[in-house]
Amino acid sequence: MLSTELLALTLATLAIPAFAHKNREFHNVHNHGAYALSPRNYITPETRRDSYDYIIAGGGLAGLVLASKLSADGQTTVLVLEAGGSGDDQKAKIDTPALTYYDSLLGTGANWGFSTTAQSGAGGRSLSWPRGKILGGSSAVNGMYMVRPNSGEIDAWHDLIASDSNKAYADSWTWSSLLEYMKKSETFTPPTSDAESTAGMKYNANSHGSSGPLHTTFPGYMVPMTSAWLPTLAAAGIPTNQDAYNGDNLGGFFSTMAINPSNWTRSYSKSAYIDPLPPRDNLHVLTNAAVTKITFADNVQDGNKVASGVQFASSASDTPKSVSANKEVILAGGAVGSPQMLLVSGVGPKDVLESAGISVQVELPGVGQHLQDHLATGVSWATTEDTQGTIFQSGSELSKTPEFLSSVNSGTCYVNGSYLFDGDESFNNFLATAKATLTGATDLTSLVPSTDSTVIEGYKAIYQSYVDKVWPDSGLVEILFSINSPGTITIQAAIQTPLSQGRLFINSSSIFDPPVIDPWYFSNPADVIILRQALKKVRSFANFSPLKELLGSENSPGSAVQTDEEWENYVRNSVSTEFHPGCTCAMLPQEKGGVVDASLKVYGTSNVRVIDGSVFPLSMSAHLMAPIYGMAERASELILNPPSSSSSGGSSTSTGANGSQTGTSNNNSAAVSVRAPWVAVVGLVAGVFLSSF
């Protein structure tokens, strides 16, 4: 056995360049049995190819799914450029779910560390926006929730983009289609008998996948007080959802988490989609390489600009380097990174580009617009019972077990407007007022952060979709059971489908200067009213058994907050992001401020796509990982096997700068061998409200 291992190491050494990282051996718990995990090494700028079929800008959740899928034939060449590092030196932290709370990396360079402008609707505060700057992106740093949306929200998205000319593509974004690909992405494992007997979680295995790359399950250990969650909700009028993953997520349940039950480690885009791969000479990953701009060729195709490749650099002082795209450039930088990359490349609102000194390549007013986010706050009580935080702090033998260290907040529920407003009549009155705000308005300057007519039309379309199709039947608020702090029980409330829309823009031509993030939080007063109602309900939970037996005095907001005005002031001054921003490259018609069409291509370009959470035109009652995994799975198929023109109403292939079509791959030229143990690690900022990331 020893001689076999020595031979393998010798061969691996001969196959890699002299600059490579030292090989390390480790066990791949995500491997489904086809291959043993081979040590890999990242390429360097000097060992990159001159060109690749697909260049993926962003090695986060969607980017690594795409990299795995697009390179699966062994011949199609793919380059992933990730601005952050590999995280290899922090593997233990990223692998241990509970360290999301207790040993964060977000105070380091592994966090983009964004912040908003001062928000007049949120007490004049500038709110922190942590995002993972590391291979794996935010899937390597977040709270691991795998909640799926309500079916009506996805079908409303479809209706916003669907037309007779794009049916084959638009039909990819229906609930039935997205559900198929969300299931395809996962391997679900039921809870342990101990966890199930403690928390009483409900599930339907038929609503989950059984052979996908990503592992999902429930935490291996459930703190005893979790047994109070579902019975308390039921006593408060919120029924237990027996199957929250098949299109109806209303009611109480325990979320599945992105956890591998074979050893109770985090399962994320890198460990699921990249680490288990056999050696692929056609797939290269370059870390510490930020895309500084997309480069465009002189030629156009059908009036659209053709991306010839990208430039990238490790820092503002580094000389940018170039690489060419034979077929497509795919942006997967998330709700912040993707619009910023478009803007510094000259794609966006003309006034923004010109003020930043950038030549306009494609005038596209919707880039960075329609920004939406989930905002969370909560009510907290003292407790003398053991929370997860109390057990962790104790240093007991239990606190050191893999099962306990997989314990993360997972109790949740989604509630509709009728529950929040104490009945259908009251909610319908509130809904009618919200509708009248739009239909009766002659001046939308206080609601829309743009004077562009297409962006205004997009705002109206999104607003109308919410009040007509989403709000009547979906969860307006998520309520979460947070027990990761010692001596404290917090119940959070987070608005899910806000009417407030903001924007992201740039005031510099450098990708290394942070963009300006202005979410316009609570610009629509309906949002603060919804959260006010939610917190009043949350406070009432303290009156119901079995939770009330666990609670001591109310710590926050405290008895001084009683009236509606006092609740609204508390909301404005206490909310923080739930870490689910999106919609900044919205999939909408171009005449409604859209950025990408139903095939995910950027308007005005022939071969640039955006594939990540920035393309959702609507916020949704879910944490974003599940729908983004499903979208990336589906998108990879649309790229490799586009619908025929007869079924889609138009051509489904596009031409790269070298004239090759993007719907096929024929590149057989030699590639530099990539053999790297890609491990990304970031911890989440400690604190009760970060549990829902």
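Note that the coordinates shown come from a computational prediction; the quantities given were computed from them, not determined experimentally.

Enquirer: I would appreciate a short explanation of the nonpolar core in the present structure.
Expert: It is characteristic of soluble globular proteins that their nonpolar side chains tend to be buried jointly. Core analysis: the biggest nonpolar cluster contains 194 residues, and L342 and W471 have the highest contact counts within it. Sort the elements by how many residues they give to this core and helix α19 (residues 625-640) lands first, with nine residues. If sequence neighbours within four positions are ignored, L342 has contacts with I294, L331, V347, V367, C585, V595, V602 and V610. Within the second largest apolar cluster, seven residues are counted, among which are I94, I134, A140 and Y268.

Enquirer: Whenever I open this one, the side chain of R49 confuses me. Can you help?
Expert: In this structure, R49 sits in the loop between α1 (2-15) and β1 (51-57). Polar contacts involving the side chain of R49 include one to the main-chain carbonyl oxygen of S51, which spans 3.1 Å.

Enquirer: Even after reading the chapter, I still don't get the packing of helix α2 (residues 61-70) against α19, so can you show me in this structure?
Expert: Helix packing geometry: the angle between the two helix axes and the distance between the axes. Orientation of α2 relative to α19, taken along the N-to-C sense of each, is 35°, at an axis distance of 9 Å. For the pair α2 and α19, the sense of crossing is right-handed. Between α2 and α19, the contacting residues are L61, A62, V65, L66, K69 and L70 on the first element and M625, I628, Y629, A632, E633, A635, S636, I639 and L640 on the second. Within the contact of α2 with α19, the residues separate by chemical class into twelve nonpolar, one polar and two charged.

Enquirer: It is not clear to me how the packing of aromatic side chains should be interpreted in this structure. Could you clarify?
Expert: Two aromatic rings are characterised by how far apart their centres lie and by the angle between their planes. Considering all chains together, one arrives at 18 aromatic pairs under this definition. With a centroid separation of 5.8 Å and 80° between ring planes, the pair formed by Y101 and Y102 is classed as edge-to-face. Judged by its relative accessible area of 1%, Y101 is buried. Consider the rings of Y245 and F253, whose centres lie 6.2 Å apart with planes at 75°: the pair is edge-to-face. Here Y245 matches F253 in class, with each residue buried. Taking the ring centre of W112 as reference, the NZ or CZ of K133 above it sits at 4.6 Å.

Enquirer: Honestly, unusual backbone geometry in this entry has me stumped. Any pointers?
Expert: Negative phi characterises most residues that are not glycine, and trans characterises most peptide bonds. For the peptide bond that leads from S545 to P546, omega is 5°, which places it in the cis range. With respect to the helices and strands, P546 occurs in the loop between α17 (525-540) and β22 (554-556). Of note, the bond from S556 into P557 is cis; its omega dihedral lies within 30 degrees of zero at 5°. For P557, the location among the structural elements is in the loop between β22 and α18 (564-574). Although it is not a glycine, F522 adopts a positive phi angle of roughly 60°.

Enquirer: How do you make sense of helix α5 (residues 151-161) when you look at a structure like this?
Expert: Looking only at α5, the buried set comprises E153, I154, A156, W157, H158, L160 and I161. For α5, the elements touching its buried residues are α6 (167-170), α7 (175-184) and α16 (453-470). For α5, the side-chain oxygen to backbone nitrogen distance between the N-cap and G152 is 3.0 Å, and the N-cap itself is N150.

Enquirer: What exactly am I supposed to notice about the confidence of the model for the protein chain here?
Expert: Low pLDDT marks stretches whose predicted atomic positions should not be read closely. The predicted model of the protein chain has a mean per-residue pLDDT of 89, with 87% of residues at 70 or higher. Below pLDDT 50 for its whole length, residues 646-652 participates in 15 contacts with residues either more than four positions away or in separate chains.

Enquirer: Any chance you could explain the side chain of S614 here in plain terms?
Expert: Residue position: S614 is located in the loop between β24 (608-610) and α19. Setting aside residues no more than four positions away along its own chain, S614 makes contact with G334, A335, S338, C583, T584, C585 and A586.

Cut-off values and rules
Residues numbered from 1 in each chain as written. Predicted model: local features only at pLDDT ≥ 70, side-chain atom pairs only at ≥ 80, totals over all residues. Heavy atoms only, no water. Core = buried A, V, L, I, M, F, W, Y, C linked by side-chain atoms within 4.5 Å. Buried < 20%, exposed > 50% of the residue type's maximum accessible area, 1.4 Å probe, protein only. Helix = DSSP H or I, 4+ residues; strand = E, 2+ residues; numbered from the N terminus. Contact = heavy atoms within 4.5 Å. Polar contact = N/O pair within 3.5 Å; in protein donor to acceptor, adjacent residues only side chain to side chain. Axes fitted to C-alpha atoms, helices over the stretch in contact; angles between N-to-C directions. Left-handed = near helix turned anticlockwise from the far one by under 90°. Nonpolar A, V, L, I, M, F, W, Y, C, P; charged D, E, K, R; others polar. Phe/Tyr/Trp six-rings, centres within 6.5 Å; stacked < 30°, edge-to-face > 60°. Lys NZ or Arg CZ within 6 Å of the ring centre and 35° of its normal. pLDDT = per-residue confidence, 0-100.

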